[in-house]
Amino acid sequence: MSDDDLPEAFHVTTDEQLRAVSSLTRHRIMAVLRFEPATITQIAQRVGLAKGSSSYHVRLLERAGLVKVVRTRKVRGVTERYYAMAARAIVLPDPGEGAPDVLMRHALADLEAAPAEGERHVGMTHLRLTDAQFAELGARLQALAEEYRALSDPSLPDTSLVFALFHPASRGHAEGDAK
């Protein structure tokens, strides 16, 4: 299956799928498979896992429908399986008020694990926007991310872009929750 044949999005809807994507290790395995298929051995090397552990995590992702075997080949009598993402994007359900946001937790873990000497652009800006401005900014951020995703070349190093545009809890609400 070529990348052109991939569904645009896979919507996580079951508890099994949510558990599968909630693991930081499986998140990193899916990152390996984002641009090109890989074998268990290749995944293990790129993520820094033992082959057995890599195999276990890939099986869970496969059972949940998030990754799939896209080709096989025989190597010294053993069938080698190449795994790839089941869709271009994984869409997680809204975590709900006060619940942890799995995607942002994984992104923060990846940021913290990134080499300190590498170039990074991290910032936080507080804004006051109308509902229309909020919606426009969200659409523009998404369009910019899609524009650069289309330029992605699998031969280049991975780059992660994470953005969060949200209305934080009001101070009175947050302080009331802390009591």
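Just so you know, the residues in each chain are numbered from 1, in the order the chain's sequence is written. Residue-level local features of this predicted model are given only where pLDDT is at least 70; pairs of side-chain atoms are given and counted only at 80 or more, and the full residue set underlies all totals for whole chains, interfaces and linings. Think of the side-chain values as coming from all heavy atoms in the structure, minus any hydrogens and water.

Asker: Just checking my understanding: could you explain the pairing of strand 2 (residues 67-75) for this structure?
Answerer: Regular strands place their side chains on alternate faces of the sheet. Pairing between strand 2 and strand 3 (residues 78-85): eight bridges, direction antiparallel. Of the residues in strand 3, the one forming a bridge with Val69 is Tyr83. Counting the residues that bridge the hairpin from strand 2 to strand 3 gives two residues, and of these Arg76 lies at a positive phi of roughly 50°. In this analysis, strands are considered paired if DSSP registers two or more bridges between them. Going along the chain from the N terminus, every DSSP run of H or I of four or more residues is numbered as a helix, and every run of E of two or more is numbered as a strand.

Asker: What's the story with the packing of helix 3 (residues 40-47) against helix 4 (residues 51-63) in this structure? I'm lost.
Answerer: Packed helices, taken two at a time, are described by the angle their axes make and the gap between the axes. As a rule, the C-alpha atoms of each element are fitted with a line to give its axis, helices using only the stretch in contact, and angles between N-to-C directions run from 0 to 180 degrees. Following both chains from N to C, one finds helix 3 and helix 4 inclined at 110°, their axes separated by 9 Å at the closest point. Comparing the axis directions of helix 3 and helix 4 gives the class roughly perpendicular. Across from Ile40, Thr41, Ile43 and Ala44 in helix 3, the residues of helix 4 making contact are Lys51, Ser54, Ser55 and Val58. Under this grouping Gly is polar, as are all residues other than the nonpolar Ala, Val, Leu, Ile, Met, Phe, Trp, Tyr, Cys and Pro and the charged Asp, Glu, Lys and Arg. A per-class count over the contact of helix 3 with helix 4 returns four nonpolar, three polar and one charged. Working definition: roughly parallel below 35 degrees, roughly antiparallel above 145 degrees, roughly perpendicular at 65 to 115 degrees, and oblique for all remaining angles. Any two residues whose heavy atoms approach within 4.5 Å at even a single point are treated as in contact.

Asker: Would you explain the pattern of salt bridges in this entry?
Answerer: Opposite charge on two side chains permits them to pair, given that their charged atoms come into close proximity. Definition used for salt bridges: Asp or Glu carboxyl oxygen within 4 Å of a side-chain nitrogen of Lys or Arg. All chains considered together, the criterion is met by seven salt bridges. Here Arg34 makes a salt bridge to Asp158, at a shortest N to O gap of 3.7 Å. Placement of Arg34 in the loop between helix 2 (24-32) and helix 3 and of Asp158 in the loop between helix 6 (131-150) and helix 7 (171-178) is noted, with a sequence separation of 124 residues between them. By relative accessible area, Arg34 is classed as partly exposed at 37%. The salt bridge partner of Glu136 is Arg140, with a shortest N-O separation of 3.7 Å. Residue Glu136 and its partner Arg140 are both found in helix 6; the two are separated by four residues, about one turn of the helix. Residue exposure (1.4 Å probe, protein chains only): buried if accessible area is under 20% of the type maximum, exposed if over 50%, otherwise partly exposed. The class for Arg140 is exposed, based on a relative accessible area of 57%.

Asker: Looking at this model, I keep getting lost on helix 5 (residues 102-113). Mind explaining?
Answerer: Counting along an α-helix, one turn takes 3.6 residues, and residues three or four places apart therefore face a common direction. The end-to-end C-alpha distance of helix 5, which contains 12 residues, comes to 17 Å, matching closely the 16 Å that a straight helix rising 1.5 Å per residue would cover. If you check which residues of helix 5 are buried, you get Val102, His106, Ala107 and Ala109. Viewed along the axis of helix 5, the buried residues span an arc of 160°, placing them on a single side of the element. At its buried positions, helix 5 is contacted by helix 1 (15-22) and helix 2. The backbone nitrogen of Leu103 has a side-chain oxygen 3.2 Å away, supplied by the residue at the start of helix 5, namely Asp101. Between the first and last residue of a helix there are one fewer steps than residues, each counted as 1.5 Å, and that sum is the expected span. By arc we mean the arc of the directions from the helix axis to the C-beta atoms, nothing more. Pairs of N or O atoms within 3.5 Å make up the polar contacts considered here, provided that, within protein, one atom can donate a hydrogen while the other can accept it, and that residues adjacent in sequence are counted only when both atoms are side-chain atoms.

Asker: Teacher, can you tell me more about the packing of aromatic side chains here?
Answerer: Within a pair of aromatic rings, the relevant descriptors are the distance that separates the centres and the angle that separates the planes. Between the rings of Phe, Tyr and Trp (Trp by its six-membered ring), a pair exists once the centres lie within 6.5 Å; its type follows the angle of the planes, with under 30 degrees stacked, over 60 edge-to-face, and the other angles tilted. As enumerated under the stated definition, the model contains zero aromatic pairs in all. The ring of Tyr82 carries Arg71 above its face, with NZ or CZ at 4.1 Å from the centroid. Throughout this description, the term charge over a ring refers to an Arg CZ or Lys NZ atom that lies within 6 Å of the ring centre and within 35 degrees of the ring normal.

Asker: What's the story with the nonpolar core in this structure? I'm lost.
Answerer: If you look at soluble globular proteins, the nonpolar side chains tend to sit buried side by side. Here, nonpolar core means buried Ala, Val, Leu, Ile, Met, Phe, Trp, Tyr and Cys residues that are tied together by side-chain atoms lying within 4.5 Å of each other. One finds Met30, Leu33, Ile43, Val58, Leu61, Leu66 and Val67 to be the most contacted residues of the largest nonpolar core, which totals 19 residues. Secondary-structure elements contributing two or more residues to this core are helix 1, helix 2, helix 3, helix 4 and strand 3. Looking at this core element by element, the count peaks at three residues for helix 2.

Asker: Would you mind showing me how to read helix 2 here?
Answerer: Among all positions of helix 2, only Arg26, His27, Ile29, Met30, Ala31 and Val32 are buried. Each element contacted by the buried residues of helix 2 is listed here: helix 1, helix 3, helix 4, strand 2, strand 3 and helix 5. Taking the backbone nitrogen of Thr25 as reference, a side-chain oxygen 3.3 Å away marks Ser23 as the first, capping residue of helix 2.

Asker: How should the side chain of Arg26 be read in this particular structure?
Answerer: Along the chain, the position of Arg26 falls in helix 2. In this tally, Asp and Glu contribute negative charge and Lys and Arg positive charge; neither His nor the terminal groups of the chain are included. It turns out Arg26 is buried and unbridged, and the closest side chain with the opposite charge, Glu16, is 9.7 Å from it. At 2.9 Å, the side chain of Arg26 and the backbone oxygen of Ala20 are in polar contact. A distance of 2.9 Å separates the side chain of Arg26 from the side chain of His57, its partner in a polar contact. With residues up to four places along the chain from it excluded, the contact list for Arg26 reads Arg19, Ala20, Tyr56, His57, Leu60 and Leu61.

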